[in-house]
Amino acid sequence: MMAQASIRKSYDGVIACAPVTVPYRRYSTNSAHWWIGRALHHLVKRAGIKPADIDGFCVSSFTVGPDTAVGLTQHFGLTPRWLDHIPFGGASGVVALRRAARAVQAGDADIVACVAGDTNHVDSFRKTLSTFSRFAQDAVYPYGSGGANASFALITKNYMNRYGAKREDFGKLCIAQRDNALAIPYAMMRKKLTLDEYMNARPIADPIHLFDCVMPCAGAEAFLVCREDTAKSLGLSGVRILSTVERHNAFPADPMQVRGGWALDVGELWAMAGLKSNAVDLVETYDDYPVIVMMQLEDLGFCKKGEAAEFVRTHTFANDGTFPHNTSGGQLSVGQAGAAGGFLGLVEAMRQLMGEPIGKPVADAKAALVSGFGMINYDRGLSSCAAILARA
Amino acid sequence: MTEPLVRPKRKNPLRRTRLPLSPQGVRSRTAHGLTAAAAEGRFALQVCLDCNAVVYPPRDACPSCLSARLPFRDVDNGGVLTAETTVQTSTDPYFRERTPWRVGAVKLDVGPVVVAHLHGDVVEGARVRLEFKLDRSGSAVAIALPEKDTPNMADDPHLREMTCDPKFRRVLITDGRTAVGQAMAKAFSDAGASIVFVGLADAWKPFPGYEELRRIDRVEIVPLDVTDTESVTEQAEQNGARIDIVVNTAEHVRPGGVIDRHGLTVAREEIDIRYMGLLRLAQAFGPVLRFRGADGVNSAAAFVNLISVHALMNWPQFGSYAAAEAAVLSAAQCMRAELRPGGVKVLNVFFGPLETEWFQTVPPPKVTPAALASAVIRALKQGVEDAFVGDVAEDIRQRLAVNPKALEREMAG
């Protein structure tokens with residue numbers, strides 16, 4: 001990418017640490033509150049702090065209703081002086097990180113717990129879909145009620161028509177991610193996937209087939225954001241934030257989505273980090289549907305628009321291969337625990353950079369790119385974000 | 001190419017009747033602007049009065065200039081089907097039993113992209129016409145139709161879910177003694193209805209047109225007197241389970257106002273034939289119509305009310321008659337709510353003065369019974385729920401929309 005000068009203030013002195021995952025389950029009879037509570041519990045144990053030490057709290061969840069972050073403070077006995085509620089789905093992780101980082105940097109909070117968690121009751125997925133947004137209710141759900149599958153099917157079909165990507169290309173990404181997930185004990189899908197199985201899987205909404213879809217499940221992901229000196233005094237290692245971007249409703253005049261907001265902000269992202277796109281050791285993209293992965297590869301500067309299929313054909317995407325990508329298997333294999341899906345890549349990147357991955361390590365990982373994508377309000381995902389992280 | 005519909009076989013009485021389900025019908029209040037358009041068969045989207053942007057999905061502020069002045073206006077419905085998919089797995093029980101179900105994204109020439117149902121004859125990349133229809137929930141949905149009509153296109157299963165096409169359906173015309181009843185029988189027979197039951201009270205009393213009525217293909221004359229609860233109930237017990245469309249042609253047109261007509265006898269007849277008659281029909285036929293809303297090719301589809309347009313604004317020259325018609329309209333609105341769980345439509349066809357003997361003294365323009373009958377067929381095929389027939393009806397509809405008070409004064413003559 002062309003390096004542009006960034007005038008934004010750096011995140012110097014801020015650390016993200018204590019990556020936590022509450023192991024996923026397909027269905028849960030517990031509430032979202034239970035899952036978020038477990039994540040908070042893991043955080044304080046892992047950091048060796050008391051709940052009262054958490055003076056900033058940022059929560060993301062689809063199923064915590066009727067509560068908001070405010071109600072949750074009483075539920076969990078927290079007394080934060082900084083509180084945020086960002087129900088941004090797949091954009092939750094990076095957005096939580098960048099907001100918390102600024103709060104800490106400004107001294108508005110010392111230790112911010114960023115938590116995303118959702119439950120999955122037997123019928124909660126259907127209910128979430130039918131009331132996802134006003135536009136979904138008015139103009140999407142009554143059309144076959146295929147949910148995100150049908151919406152992404154249209155985006156995928158259009159992308160294939162326009163750029164010549166093939167199902168085999170999407171399949172390669174899914175298979176590589178599955179290989180990465182084989183070592184993740186709580187992954188929903190832990191059986192090796194072959195191209196034949198991928199190609200012959202049950203059609204869901206053409207061209208989307210079963211293995212293009214994430215498995216809805218229950219789970220939670222979390223991390224802490226604090227000053228470097230705070231982390232040091234607690235004996236916590238962590239990652240530094242080199243740059244972040246966030247954008248909503250980019251390119252509204254595009255008739256169909258072929259790019260996300262990253263395409264607007266990619267120059268800023270690399271410039272602020274002071275890196276070129278070949279300088280990161282691993283990439284965690286938001287992967288609910290492989291077509292969105294392809295758009296991220298293009299829009300984040302790894303290849304040109306329309307060339308992601310070719311890019312996919314020339315890389316292995318394995319943790320020990322070329323272009324390590326979605327190194328814990330991503331949502332396609334681990335599962336989508338609601339808003340926690342927006343944290344999954346970020347928490348995994350932190351673990352890889354800290355040298356403590358649950359699954360296969362990426363050797364000597366020093367820098368990582370994490371990107372998020374969320375909220376298909378009507379016909380396209382509206383929110384995009386990305387962060388470049390570095391080993392502290 | 002649409003497979004032509006096959007005449008359904010006689011129903012196996014041992015098989016369970018599939019119960020009706022509805023797609024999600026909940027809409028924002030603003031989005032019901034589309035329902036209003038679909039109810040009349042119009043294609044309307046929000047158009048910004050300040051910047052002319054055409055807006056979809058419905059919003060409460062213009063996404064180009066933030067204006068709140070966003071009325072629904074009829075706009076051109078041409079566009080291109082950019083991408084399509086076939087939903088194989090649906091979370092909604094209604095669609096679950098109807099998959100595979102095609103949907104697509106249509107880029108309209110006027111601007112917005114609309115996610116729409118697809119007629120079987122539309123092809124990705126080709127031009128389409130977009131229409132709003134009322135689905136089984138009663139709310140508006142967009143469906144993309146081929147740019148030009150194709151053979152048997154009305155038989156498309158997606159489209160037929162949203163229409164009340166009389167083809168292969170069985171219809172009951174409640175009164176065959178009237179000119180309108182006879183025209184209706186002819187029109188339904190011509191439209192491919194598989195049985196046209198025509199009700200007659202006191203069949204022994206001769207009336208003009210009887211021989212012609214009897215000779216219409218697939219007409220079956222049955223005893224029915226809408227002023228007699230027992231007669232209506234008996235007819236429903238006899239044939240109710242194989243009637244898919246009810247058209248109430250019972251009428252009682254008498255001149256006279258409310259003050260200047262002496263006594264209550266005629267008013268009582270008006271109420272008994274029109275309002276009570278409708279209630280008797282609704283109570284006898286409504287439950288089985290609602291139960292049979294998803295019963296295959298010849299599922300129950302519609303209850304048709306022929307209502308004087310003066311139900312919407314009293315016409316003092318026929319003032320008492322108009323009041324009874326207003327009662328019918330109100331009851332029809334209630335029926336809509338009650339039949340909706342079955343996905344059965346209530347079609348209200350508003351007509352101006354008819355070319356029949358009881359409107360003898362009224363000057364033209366008037367509506368012939370045949371024109372009224374063909375308007376009913378057209379409305380059922382389109383799947384609308386409000387239709388206005390004739391110049392007078394259209395005139396009153398428009399004046400009512402602009403200034404009801406002016407219309408009230410002007411109706412006094």
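Let me sum up the structure you'll find in this document.

**Overview of the layout of surface pockets**
All names here are of chain B.
Thought 1: Here the second largest pocket is characterised by a volume of approximately 810 Å³.
Thought 2: Taken together, 24 residues line the second largest pocket, and the ones lying closest to its centre are K9, R10, K11, N12 and R170.
Thought 3: When its residues are assigned to classes, the lining of the second largest pocket shows 8 nonpolar, 5 polar and 11 charged.

**Some thoughts on empty space enclosed by the protein**
Thought 1: Evaluation of the coordinates by the stated rule reveals 8 cavities of 30 Å³ or more.
Thought 2: Taken together, 19 residues line the largest cavity, and the ones lying closest to its centre are V140, A150, S151 and L154 of chain A together with V115 of chain B.
Thought 3: For the lining of the largest cavity, the elements supplying multiple residues, two or more each, are α6 (147-163) of chain A together with β5 (101-108) of chain B.
Thought 4: The leading source of residues in the lining of the largest cavity is α6 of chain A, at 5 residues.
Thought 5: Partitioned by chemical class, the residues of the lining of the largest cavity number 12 nonpolar, 6 polar and 1 charged.

**Overview of the side chain of N248 of chain B**
Residues and elements named next belong to chain B.
Thought 1: Inspection of the secondary structure assignment puts N248 in strand β12 (residues 245-248).
Thought 2: Using a relative accessible area of 2% as the deciding quantity, one classes N248 as buried.
Thought 3: At 3.2 Å, the side chain of N248 and the backbone nitrogen of A250 are in polar contact.
Thought 4: Setting aside its immediate chain neighbours within four residues, N248 contacts T174, R274, L278, L281, F303, V304 and L306.

**Side note on the environment of P404 of chain B**
All names here are of chain B.
Thought 1: Mapping P404 onto the fold places it in helix α11 (residues 404-411).
Thought 2: Taking the relative accessible area as the measure of exposure, P404 reaches 40% and is therefore partly exposed.
Thought 3: For the pair P404 and L312, spaced 92 residues apart in sequence, the C-alpha to C-alpha distance is 9.6 Å.
Thought 4: Sequence-distant contacts of P404, defined by excluding residues within four places in its chain, comprise M313 and R399.

**Here we look at the pairing of β5 of chain B**
All names here are of chain B.
Thought 1: Within β5, 7 of the 8 residues are buried, which leaves it mostly tucked inside the rest of the structure.
Thought 2: Judged from the 5 bridges that link them, β5 and strand β6 (residues 113-118) form a sheet pairing that is antiparallel. Across the sheet, V106 pairs through a bridge with V114, a residue of β6.
Thought 3: Between β5 and β6, which pair antiparallel and follow one another directly, the connecting turn spans 4 residues, one of which, G111, has a positive phi of 135°.

**Re the interface of chain A and chain B**
Thought 1: Across the boundary between the two partners, chain A contributes 30 residues, which contact 37 residues of chain B.
Thought 2: Buried area between chain A and chain B, summed over both chains or domains, comes out near 2900 Å², and the portion from carbon and sulfur atoms is 57%.
Thought 3: The tally of links from chain A across to chain B stands at 2 salt bridges.
Thought 4: Close ionic contact of K157 of chain A with E124 of chain B constitutes a salt bridge, the shortest N to O distance being 3.1 Å.
Thought 5: In this assembly, chain A and chain B are joined by 19 residue pairs in polar contact (both at pLDDT 80 or more).
Thought 6: At the level of secondary structure, the elements contributing two or more residues to the side of chain A that touches chain B comprise α4 (124-130), α5 (134-139), α6 and β5 (203-205) of chain A.
Thought 7: Per element, the largest residue contribution to the side of chain A that touches chain B is 6 residues, and it comes from α6 of chain A.
Thought 8: Among the residues forming the side of chain A that touches chain B, the class breakdown is 16 nonpolar, 7 polar and 7 charged.

Definitions and limits used
- Residues numbered from 1 in each chain as written.
- Chains lettered and ligands numbered in written order.
- Predicted model: local features only at pLDDT ≥ 70, side-chain atom pairs only at ≥ 80, totals over all residues.
- Heavy atoms only, no water.
- 1 Å grid on protein atoms, 1.4 Å probe; cavity = no way out; pocket = protein on both sides within 12 Å on 5 of 7 lines; lining within 4 Å.
- Points joined across faces, edges and corners; volume = space filled by probe spheres on them.
- Nonpolar A, V, L, I, M, F, W, Y, C, P; charged D, E, K, R; others polar.
- Helix = DSSP H or I, 4+ residues; strand = E, 2+ residues; numbered from the N terminus.
- Buried < 20%, exposed > 50% of the residue type's maximum accessible area, 1.4 Å probe, protein only.
- Polar contact = N/O pair within 3.5 Å; in protein donor to acceptor, adjacent residues only side chain to side chain.
- Contact = heavy atoms within 4.5 Å.
- Pairing = 2+ DSSP bridges.
- Buried area = accessible area lost by both parts, 1.4 Å probe.
- Salt bridge = Lys/Arg side-chain N within 4 Å of Asp/Glu carboxyl O.

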